[in-house]
Amino acid sequence: MQTQLGDYDISLPKYYNNRELSWLDFNYRVLQEAYDNNNPLLEKLNFVSIFSSNLDEFFMVRVAGLKDQVKMGFDKPENKTQMTPQEQVDAIQEKAKKYVNMQYERYNELIEELRNYDIVMCKPENLSDSILSKLERDFKLTILPTLTPLGIDAYHPFPKLNNKSLNIFVDIDTDDAINSAIVQIPSLIPRFLTYNEGSKQYVVMVEDVITHFINHLFTGYEVLNTFTFRITRNADLTIHEDGAEDLLIEIERFLKERKSGSAVRLEVDGRTAQRENIEWLNEQLEVEENDVYFLNGPLDLTFLFGLVDHLSNKLKYLTYEKYTPQVPRSLGNNNIYKLALERDIFFHHPYESFEPIVDFIREAADDPNTIAIKQTLYRVSKDSPIINSLKEAA
């Protein structure tokens, strides 16, 4: 292998970027779009949300894989920057925390800008009495019945909390052994509630609503403190196809483990969290102090996807006009099968429509002469027409 390029020894680590740290820099580039004043306000919020979504996947797979190597005592440096797994994890935590702090700083600036358009993000205690009354009614009717406090003591071990779920830690003043509890927020509950008053629309986060009315869950006890936390778990798991009698059962096992793998990151609302509670959580979750992220705002900013969607009807001028992908001109009205036999077809997604590919699979699924459909699917939408066609074919 050539190691010399002119006067340069290209085997030296200084000429390379670590793959994981390089990915974090890429995601920072996504965040920079939220600073670009060429982008309208709601699009900036979308980029803040994309940053969070990307980072979740990064920790669930890339960081989790490195942590597995550390646990197994594997300390062989990677072949470019010569960083060991532990050195990579340490460098990732330092850089990720820097970027996440920047993200929340930008988030708070953009939320403040929304006030210029009569959109106010606020906590329940800052609402008017009339809106607070509506909020309490909605809480009792639609939120309270879904909540189940989990008391923690010697007889009630720390519960198994799902990956990326939102949870509220509750400190309680009691005379018995139970002095803390956890309230897991069901994913089916809307992340935020909206109320109109005059020209303004108020947006309230569901975790703030639950916290405000937390005494309804602990009647007869004094709640001393609450804070929201979120666990990111290891999803870098392996599907063992060889020897699996039923691949569907193996996939189901994989999906269950993906929800409950070992914790690789703990996010807490740093505005209300107390140090002694965090130390206790670290011990229960077996995470190190460096794995804890104290955030200056609501956890899981992917909720901004939904907020932008909600506001886009009222504030269309603060988003980009939706682009409709076009069918490739080169395809025209030709049958994709016949054309593919004559020459290669190149699609520029997402600028060109994916519909010809969907039709391609649908026709194959409906054709009785089709023997097999073989393809690699990296990721699909919840209601994927391709999956529906494959189900029909099966």
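Just so we're clear, the structure is a prediction, and the values are computed from it rather than from any experiment.

### A few points about the pattern of salt bridges
All chains considered together, the criterion is met by 19 salt bridges. One salt bridge connects Glu267 with Arg265, and the closest N-O pair in it is separated by 3.7 Å. For the residue pair Glu267 and Arg265, the accessibility class agrees, reading buried in each case. Through salt bridges that share partners, Asp56, Arg230, Arg265, Glu267 and Asp300 make up one connected network.

### A word on the sheet that holds strand β11 (residues 292-295)
The 6 strands are arranged β4-β6-β5-β9-β10-β11 in an open sheet whose pairing can be described as mixed. Because the sheet does not close on itself, it has two edges, and the strands there are β4 (149-151) and β11. Across the sheet, the mean angle from the axis of one strand to that of its neighbour is 30°, orientation sign disregarded. Pairing geometry for β4 and strand β6 (residues 180-185), over 3 bridges, is antiparallel. From the neighbouring strand, Pro149 faces β6, where its bridge partner is Val183. Here helix α7 (residues 275-285) sits on the sheet in contact with β5 (166-173), β9 (222-233), β10 (263-269) and β11, set at roughly 40° to β9.

### Examining the packing of helix α2 (residues 41-71) against helix α8 (residues 303-311)
As a packed pair, α2 and α8 sit with axes 8 Å apart at the nearest point and diverge in direction by 160°. Taken together, the axis directions place α2 and α8 in an arrangement best described as roughly antiparallel. Handedness of the α2/α8 crossing: left-handed. Judged by residue contacts, Leu42, Leu45, Asn46, Val48, Ser49, Ile50 and Ser53 of α2 engage Leu304, Phe305, Val308 and Leu311 from α8.

### Observations regarding the packing of helix α1 (residues 19-32) against helix α3 (residues 85-114)
Remark: α1 packs on α3, axes separated minimally by 10 Å, with the N-to-C direction vectors making an angle of 5°. The pairing of α1 with α3 is recorded here as roughly parallel in orientation. Two secondary-structure elements touch here, α1 through Glu20, Leu21, Leu24, Asp25, Tyr28 and Leu31 and α3 through Gln88, Ala91, Ile92, Lys95, Ala96, Tyr99, Met102 and Gln103. Within the contact of α1 with α3, the residues separate by chemical class into 9 nonpolar, 2 polar and 3 charged.

### With respect to the side chain of Asp300
One can find Asp300 in the loop between β11 and α8. Looking at Asp300, the relative accessible area reads 15%, which means it is buried. Separated by 2.5 Å, the side chains of Asp300 and Thr302 make a polar contact. For Asp300, the contacting residues outside a window of four places in its chain are Asp56, Tyr104, Arg191 and Arg230.

### Some thoughts on the side chain of Ser389
Along the chain, the position of Ser389 falls in helix α11 (residues 385-393). Beyond its immediate stretch of four places on either side in the chain, Ser389 contacts Ile361, Arg362 and Ala365.

### Considerations on the pairing of strand β7 (residues 192-197)
The pairing of β7 with strand β8 (residues 200-205) spans 6 bridges and is classified as antiparallel. Its bridge partner lying in β8, Leu193 is registered against Val204. Here β7 folds back onto β8 in antiparallel fashion, the turn holding 2 residues, of which Gly198 has a positive phi close to 65°.

The rules behind the values
Residues numbered from 1 in each chain as written. Predicted model: local features only at pLDDT ≥ 70, side-chain atom pairs only at ≥ 80, totals over all residues. Heavy atoms only, no water. Salt bridge = Lys/Arg side-chain N within 4 Å of Asp/Glu carboxyl O. Buried < 20%, exposed > 50% of the residue type's maximum accessible area, 1.4 Å probe, protein only. Pairing = 2+ DSSP bridges. Helix = DSSP H or I, 4+ residues; strand = E, 2+ residues; numbered from the N terminus. Axes fitted to C-alpha atoms, helices over the stretch in contact; angles between N-to-C directions. Contact = heavy atoms within 4.5 Å. Parallel < 35°, antiparallel > 145°, perpendicular 65-115°, else oblique. Left-handed = near helix turned anticlockwise from the far one by under 90°. Nonpolar A, V, L, I, M, F, W, Y, C, P; charged D, E, K, R; others polar. Polar contact = N/O pair within 3.5 Å; in protein donor to acceptor, adjacent residues only side chain to side chain.

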